[in-house]
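# Working through the structure, step by step
Chain residues, written in single-letter form:
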Amino acid sequence: MTTAGTARETTTRTGPGAARQHTLRERNLELVARAVYEVPEPLSRAGVAAATGLARATVSTLVDQLVAAGLVRELPAVTGGRAGRPAVPLVPAPRSVVGLGLEVNVDYLGVRVLDLTGDVVADQVVPGSFHDSDPTVVLGRLGALAREVSAGVAAEGMTVAGARLALPGLVDPRTGLLEVAPNLGWSSLEPVPLLGLGDLDVRVANEAKLAALAELAGGSDAVAPDSFIFVSGDVGIGAAIVVDRELFLGERGWNGEIGHVVVDPAGPRCSCGAFGCLEQYAGKEAMMRAAGMAPDTPLDALVAHLAEGAALPDAGRALGSALADFVNLLDVGTIVLGGAYTELLPWLRADVEAVLDDRVLAAPFVDLQVRAAQAGPQAALTGGAREVLRAVLAAPAAWV
């Protein structure tokens, strides 16, 4: 019986729309790579053939190419107690092709390298204060750090496939331009050339959106739901909307600026120029001031202060108010809090949930969930590196 997979292998046409053989090969390589990467337990060549519908001989050839390219690794053969040739499990190749995540945030610069197994193979986070900073200086410094880390992994035989640069502001993903980052004081900026990373493929994205993509990979304790609102709380507050495991980007990719939702028009002026934005109540520096601490106090000190009995009711109520608007508009029932909120959630939860229960119209009929992020610190670095590797798997022929 001819399957859809074998039809793809053998179909030929003529004319302007003809299917070219190397195009079929590229598509089949992607099918095989995804079959290896997107299963909880390793598949053998026969398992990949069954999963993709491709002929076993074709799968065997393509797997050999992926192994030679360093994208797939063969584990020791297992017999399984059956007659015939032992099955050879196939898994993502470690420490071969890697992705680079870069980030400029208000209080740190970061570089993180992930391999195809999802393991972190290099990580550098440098604290600092980048309010109203010079982008040429800051991005030049980040570029130097990226070159240092890249040289280190290259010396170990790894190949950097590309990089994603996370920035806390409005990024146009089509042009790579940063339109505005109020807390950095940057606007109308083309950041990639300032990194000085030569021919490396570097693309720019919003910090919260990359952090949300990191969350989709799950953590040690839980797997993210298919749809959720992700809120990244640091000095600024950004959000991302995930629907059916894909980012919802809106018309220009600029949605999710929850930090600039006005919770009190009579409130203090925000860095964006408006009054009473959420960041002025629930941003990290605002919470530090509310606790009587200097704005640049480490988060651990605030956590210790709260553990001694202090509270952040204004922050929790303001955050709950902004989230209620999002839930009413979007009809998404799970809210994932990342960044500083991951550690602060025990002291924010009661006020956030009280406001959600009071202001979300559907609250009596649905189970609204507020949960801590699982992706770990500086999640945008992880999300950025993962996006590079996802692109590799979408076009593995480029590496074969």
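For the structure itself, consult the block above.
Throughout this description, residue numbers start from 1 for each chain and increase along the sequence as written. Local features in this predicted model are restricted to residues of pLDDT 70 or higher, and side-chain atom pairs are both shown and tallied only at a pLDDT of 80 or more, whereas totals for entire chains, interfaces and linings draw on every residue. Excluding hydrogens and water, the side-chain figures rest on all heavy atoms present in the structure.

### Remarks on the overall build of the protein
Operational definition: To qualify as a helix, a DSSP run of H or I must reach at least 4 residues; to qualify as a strand, a run of E must reach at least 2; elements of each kind are numbered from the N terminus. In this treatment the radius of gyration is a C-alpha quantity, and the globule benchmark scales as 2.2 Å times the residue count to the 0.38 power. Summary of the burial criterion: residues with accessible area below 20% of their type's maximum are buried, those above 50% are exposed, and those between are partly exposed, where the area comes from a 1.4 Å probe applied to protein chains only. We call two residues in contact when some of their heavy atoms are within 4.5 Å.
Counting its regular elements, the protein contains 13 helices and 15 strands. Its C-alpha radius of gyration of 24 Å places the protein within 12% of the 21 Å reference for a compact globule of 400 residues. Overall size of the protein, expressed as C-alpha extent along the three principal axes, is 70 × 50 × 45 Å. By residue count, 48% of the 400 residues in the protein fall in the buried class. Pairs at least 24 residues apart make up 62% of the contacts formed inside the protein by residues separated by at least 6 positions.

### Points about the packing of helix H10 (residues 299–307) against helix H12 (residues 340–359)
For clarity, the cut-off: Think of each axis as a best-fit line through the C-alpha atoms, taken over the contacting stretch in the case of a helix, with angles from 0 to 180 degrees between the N-to-C directions. For classification, angles of less than 35 degrees are called roughly parallel, those exceeding 145 degrees roughly antiparallel, those between 65 and 115 degrees roughly perpendicular, and all remaining angles oblique.
Two numbers describe how H10 lies on H12: the axes approach to 10 Å, and their chain directions differ by 5°. Classified by the angle their axes make, H10 and H12 are roughly parallel. Contacts between H10 and H12 involve Leu 299, Asp 300, Leu 302, Val 303, Leu 306 and Ala 307 from the former and Ala 340, Glu 343, Leu 344 and Trp 347 from the latter.

### Regarding the environment of Asp 107
The condition that has to hold: Polar contact is the term for a pair of N or O atoms within 3.5 Å; when the atoms are in protein, one must be able to donate a hydrogen and the other to accept it, and sequence-neighboring residues count only if both atoms are side-chain atoms.
Looking at the element boundaries, Asp 107 is found in the loop between strand S3 (97–105) and strand S4 (108–115). Residues Asp 107 and Val 180, 73 residues apart in the sequence, show an inter-C-alpha distance of 17 Å. Among all residues touching Asp 107, those that are not within four sequence positions of it are Val 126, Pro 127, Gly 128, Phe 130, Val 235 and Lys 284. In terms of polar contacts, Asp 107 uses its side chain to reach the side chain of Lys 284, at 2.6 Å.

### Quick word on the side chain of Asn 105
Tracing the backbone through its elements, the reader meets Asn 105 in strand S3. Asn 105 gets classed as buried once you look at its relative accessible area, which sits at 3%. Reaching out from Asn 105, the side chain makes a polar contact with the side chain of Glu 103 at a distance of 2.8 Å. The residues contacting Asn 105, other than those within four sequence positions of it, are Phe 130, Pro 168, Leu 184, Glu 207 and Asp 234.

### Here's the deal with unusual backbone geometry
The phi angle at Ser 188 is positive, at roughly 45°, despite the residue not being glycine. Residue Ser 188 is classed as exposed on the basis of its relative accessible area, which comes to 64%. For Gln 378, which is not a glycine, the phi torsion comes out positive at approximately 45°.

### Looking at the pairing of strand S11 (residues 228–233)
Counted only if it meets this: Note on pairing: DSSP must find at least two bridges between two strands before they are called paired.
The element S11 is largely enclosed, with a buried count of 6 among its 6 residues. Side chains of S11 alternate between two faces, with Phe 228, Phe 230 and Ser 232 and Ile 229, Val 231 and Gly 233 buried alike. Summarising the sheet, S11 and strand S12 (residues 237–243) pair through 6 bridges and their orientation is antiparallel. Bridging across to S12, Phe 228 finds its partner in Val 242. What sits between the antiparallel neighbours S11 and S12 is a turn of 3 residues. Pairing of S11 with strand S14 (residues 334–339) involves 5 bridges; the strand directions are parallel. Each residue of the ladder has a partner; that of Phe 230, found in S14, is Val 336.

### Quick word on the pattern of salt bridges
Going by this rule: One speaks of a salt bridge when a side-chain nitrogen belonging to Lys or Arg is within 4 Å of a carboxyl oxygen belonging to Asp or Glu.
Per the counting criterion, the structure on display carries 17 salt bridges. Glu 30 is paired through a salt bridge with Arg 27; the nearest N and O atoms lie 3.4 Å apart. With Glu 30 and Arg 27 both in helix H2 (residues 21–37) and 3 residues apart, the pair spans about one turn of that helix. Residues Arg 95 and Glu 156 are paired through a salt bridge, measuring 2.4 Å at the closest nitrogen-oxygen approach. Of this pair, Arg 95 sits in the loop between strand S2 (90–92) and S3 while Glu 156 sits in the loop between helix H5 (135–155) and strand S6 (159–167); the two residues are 61 residues apart in sequence, bridging distant segments of the chain. Residue Glu 156 is classed as exposed on the basis of its relative accessible area of 52%. Ionic contacts of the salt-bridge type, sharing partners, join the residues Arg 27, Glu 30, Arg 34 and Glu 38 into one network.

### Remarks on the packing of helix H11 (residues 313–330) against H12
Where we set the bar: Should the near helix be turned anticlockwise from the far one by less than a right angle, the crossing is left-handed, and should it be turned clockwise, the crossing is right-handed. Charged means Asp, Glu, Lys or Arg here, nonpolar means Ala, Val, Leu, Ile, Met, Phe, Trp, Tyr, Cys or Pro, and polar covers whatever is left, Gly included.
It is at 7 Å that the axes of H11 and H12 come closest, and there the two elements cross at 60°. Regarding the angle of H11 to H12, the classification is oblique. Classified by chirality, the crossing of H12 by H11 is right-handed. Judged by residue contacts, Pro 313, Ala 315, Gly 316, Arg 317, Leu 319, Gly 320, Ser 321, Leu 323, Ala 324, Asp 325 and Asn 328 of H11 engage Tyr 341, Leu 348, Asp 351, Val 352, Val 355, Leu 356 and Arg 359 from H12. In terms of residue class, the contact of H11 with H12 is made up of 10 nonpolar, 4 polar and 4 charged.

### Observations concerning the sheet that holds strand S10 (residues 202–206)
Strand order in the open sheet made by the 5 strands is S5-S4-S3-S6-S10, with mixed pairing throughout. Edge positions in the open sheet fall to strand S5 (120–127) and S10, since each of these has one partner strand only. Mean inter-strand twist for the sheet, computed between neighbouring axes without regard to direction, equals 15°. In this structure, S3 lies alongside S6, joined through 6 bridges in parallel fashion. The residue bridging Leu 102 from the neighbouring strand is Leu 165, located in S6.

### A look at the sheet that holds strand S9 (residues 186–189)
If you walk across this open sheet you meet the 3 strands as S7-S8-S9, and the pairing is antiparallel. This sheet does not close on itself; its edge strands, each paired only once, are strand S7 (170–172) and S9. Adjacent strand axes in the sheet meet at a mean angle of 15°, parallel and antiparallel pairs treated alike. As paired strands, S7 and strand S8 (residues 177–181) are joined by 3 bridges and run antiparallel to one another. Directly across from Asp 172, in S8, lies its bridge partner Leu 177.

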